[in-house]
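# Residue-level structural notes
One letter stands for each residue in the lines below.
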Amino acid sequence: MAIWFITLTLLFSSVAAAENPDFYEYISPSSLGLKKEKLLHLHFFFHDVSSGPKPTAVTIAQAQTTANSSSFFGLLMIADDPLTVGPDPGSKLVGRGQGLYGFADQKEVALAMLFNFVFTEGKFNGSTLSLLGRNLIFHDERELPIVGGSGVFKFARGFAHAKKYSLDTKTGDTVVEYNFYVFHY
Ligand SMILES: *[C@@H]1O[C@H](CO)[C@@H](O)[C@H](O)[C@H]1NC(C)=O
Ligand SMILES: *[C@@H]1O[C@H](CO)[C@@H](O)[C@H](O)[C@H]1NC(C)=O
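Residues numbered from 1 in each chain as written. Chains lettered and ligands numbered in written order. Predicted model: local features only at pLDDT ≥ 70, side-chain atom pairs only at ≥ 80, totals over all residues. Heavy atoms only, no water.

### Some thoughts on the overall build of the chain
To keep it simple, the criterion reads: Numbering of helices and strands starts at the N terminus; helices are DSSP runs of H or I of at least 4 residues and strands are runs of E of at least 2. Partly exposed residues are those whose accessible area sits between 20% and 50% of the maximum for their type, while under 20% is buried and over 50% is exposed, using a 1.4 Å probe and protein chains only. Contacts were defined at the residue level, with two residues in contact if any of their heavy atoms lie within 4.5 Å.
For the chain, the count of helices and strands is one helix and nine strands. The linear arrangement of helices and strands in the chain, starting from the amino end, is α-β-β-β-β-β-β-β-β-β. A burial count over the chain gives 34% of its 185 residues as buried. Considering only residue pairs separated by 6 or more positions, the chain has 49% of its internal contacts joining residues 24 or more positions apart.

### Some thoughts on the site of ligand 2
Our working rule: Summary of the distance rule: residues count as near a molecule or strand when at least one heavy atom falls within 4 Å of that molecule or strand. For the purposes of these results, a polar contact is taken to be a pair of N or O atoms within 3.5 Å, where, inside protein, one atom must be able to donate a hydrogen and its partner to accept one; residues adjacent in sequence count only when each atom of the pair is a side-chain atom. Shrake-Rupley sampling with a 1.4 Å probe provides the accessible areas, and residues are treated as covered by the protein chains on show and by no other component.
Neighbouring ligand 2 are Thr-120, Glu-121 and Asn-125. One of the side-chain N or O atoms of Asn-125 is found 2.3 Å from an oxygen atom in ligand 2. Relative to its free-state accessible area of 360 Å², ligand 2 is covered by the protein chains to the extent of 25%.

### Thoughts on the packing of aromatic side chains
Worth spelling out the cut-off: Any pair of Phe, Tyr and Trp rings, taking the six-membered ring for Trp, is counted once the centres come within 6.5 Å. Such a pair is stacked with planes under 30 degrees apart, edge-to-face with planes over 60 apart, and tilted for the rest.
Per the stated rule, a full pass over the model turns up 20 aromatic pairs. Aromatic pair Phe-44 and Phe-180: ring centres 5.0 Å apart, planes at 65°, arrangement edge-to-face. Of this pair, Phe-44 sits in strand E1 (residues 38–48) while Phe-180 sits in strand E9 (residues 174–184), placing them 136 residues apart in sequence. An aromatic cluster of at least three residues, connected via ring pairs, comprises Phe-44, Phe-46, Phe-72, Tyr-101, Phe-103, Phe-115, Phe-117, Phe-119, Phe-124, Phe-153, Tyr-178 and Phe-180.

### So, a positive patch on the surface
Keep this limit in mind: Residues forming no salt bridge and having over 30% relative accessible area are the ones grouped into patches, like charges within 9 Å of each other and nonpolar side chains (Val, Leu, Ile, Met, Phe, Trp, Tyr) within 5 Å. The salt bridge criterion pairs a side-chain nitrogen of Lys or Arg with a carboxyl oxygen of Asp or Glu, the two atoms within 4 Å. Charge convention: Lys and Arg are scored as positive, Asp and Glu as negative, and His as well as the terminal groups of each chain are ignored. The atom standing in for a charge is NZ when the residue is Lys, CZ when it is Arg, CG when it is Asp and CD when it is Glu.
Taken together, Lys-35, Lys-36, Lys-38 and Lys-123 make up a surface patch of like positive charges. With respect to the helices, strands and loops of the structure, Lys-123 is situated in the loop between strand E5 (111–119) and strand E6 (128–135).

### Here we look at the side chain of Thr-84
Counting through the fold element by element, Thr-84 comes out in strand E3 (residues 76–84). A polar contact is formed between the side chain of Thr-84 and the side chain of His-47, at a distance of 2.7 Å. Separated by 2.6 Å, the side chain of Thr-84 and the backbone oxygen of Gly-86 make a polar contact. Excluding residues that lie within four positions of it along the chain, Thr-84 makes contacts with Phe-44, Phe-45, His-47, Pro-89, Ser-91, Lys-92, Leu-93 and Val-94.

### Structural notes on unusual backbone geometry
Phi angles above zero are rare outside glycine, and Phe-72 is one such case at about 60°. In this structure, Phe-72 sits in the loop between strand E2 (57–61) and E3. Non-glycine residue Phe-155 carries a positive phi angle of around 70°. Take Phe-155: it is sitting in the loop between strand E7 (141–150) and strand E8 (157–167).

### Quick notes on the pattern of salt bridges
Here the structure, examined in full by the defined rule, presents six salt bridges. The closest approach of N and O atoms between Lys-92 and Glu-121, which form a salt bridge, is 3.4 Å. Separated by 29 residues along the polypeptide, Lys-92 in the loop between E3 and strand E4 (93–103) and Glu-121 in the loop between E5 and E6 bring together distant segments of the chain. Among the ionic pairs, Arg-134 bridges to Glu-108, the shortest N-O distance being 3.2 Å. With a gap of 26 residues between them, Arg-134 in strand E6 and Glu-108 in the loop between E4 and E5 connect regions that are remote in the sequence. For Arg-134, a relative accessible area of 45% corresponds to the partly exposed category. Exposure remark for Glu-108: the relative accessible area of 35% places this residue in the partly exposed category. If you follow the salt bridges from partner to partner, you end up with Asp-105, Glu-108 and Arg-134 in one network.

Here you go:
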């Protein structure tokens with residue numbers, strides 16, 4: 001009798017749960033394999049080449065008024081830029097910086113950057129960090145927010161310090177030294 005009662009109760013409560021499931025629950029970080037949060041420093045060089053037969057950054061749109069804007073306001077580019085350990089583009093490749101940048105300031109040259117950095121080395125292979133921020137590209141040093149990540153970088157947050165390594169003022173081709181400081185698990 002008692003067994004039947006328990007069985008029926010379980011049956012009805014699981015039916016009720018299926019009909020009216022909760023869409024949320026609180027879980028422990030360890031249930032996702034998250035352990036201790038660590039602070040990581042990454043150092044690499046970013047090669048953005050818009051000139052020549054094999055550009056890594058291309059224009060995808062611009063406004064009619066962009067041609068008359070001293071800050072290139074309205075120009076939108078997309079890039080797939082190699083990331084290397086040294087300033088030489090032939091040095092070891094560790095990932096790629098892929099994203100959109102738009103010239104988003106009417107007075108000075110300032111980009112709105114929406115970038116995913118995908119790494120290809122060692123334990124970071126396939127993991128990404130997402131950067132979203134304002135980039136004053138003609139300043140020698142800039143700071144940009146890192147807003148998230150995937151793979152080993154789940155729950156990542158931090159900032160990127162960008163420093164001009166070289167800039168060809170005729171073509172706009174540039175090498176940027178990046179230091180990323182990222183909290184992740
Ligand atoms: C750009 O400036 C030129 C010269 O001042 C002008 O003739 C032209 O209409 C302007 N173009 C746009 C799209 O504003
Ligand atoms: C990174 O992962 C890809 C795809 O899983 C694999 O083909 C490649 O060999 C890996 N590279 C390194 C350096 O581990």
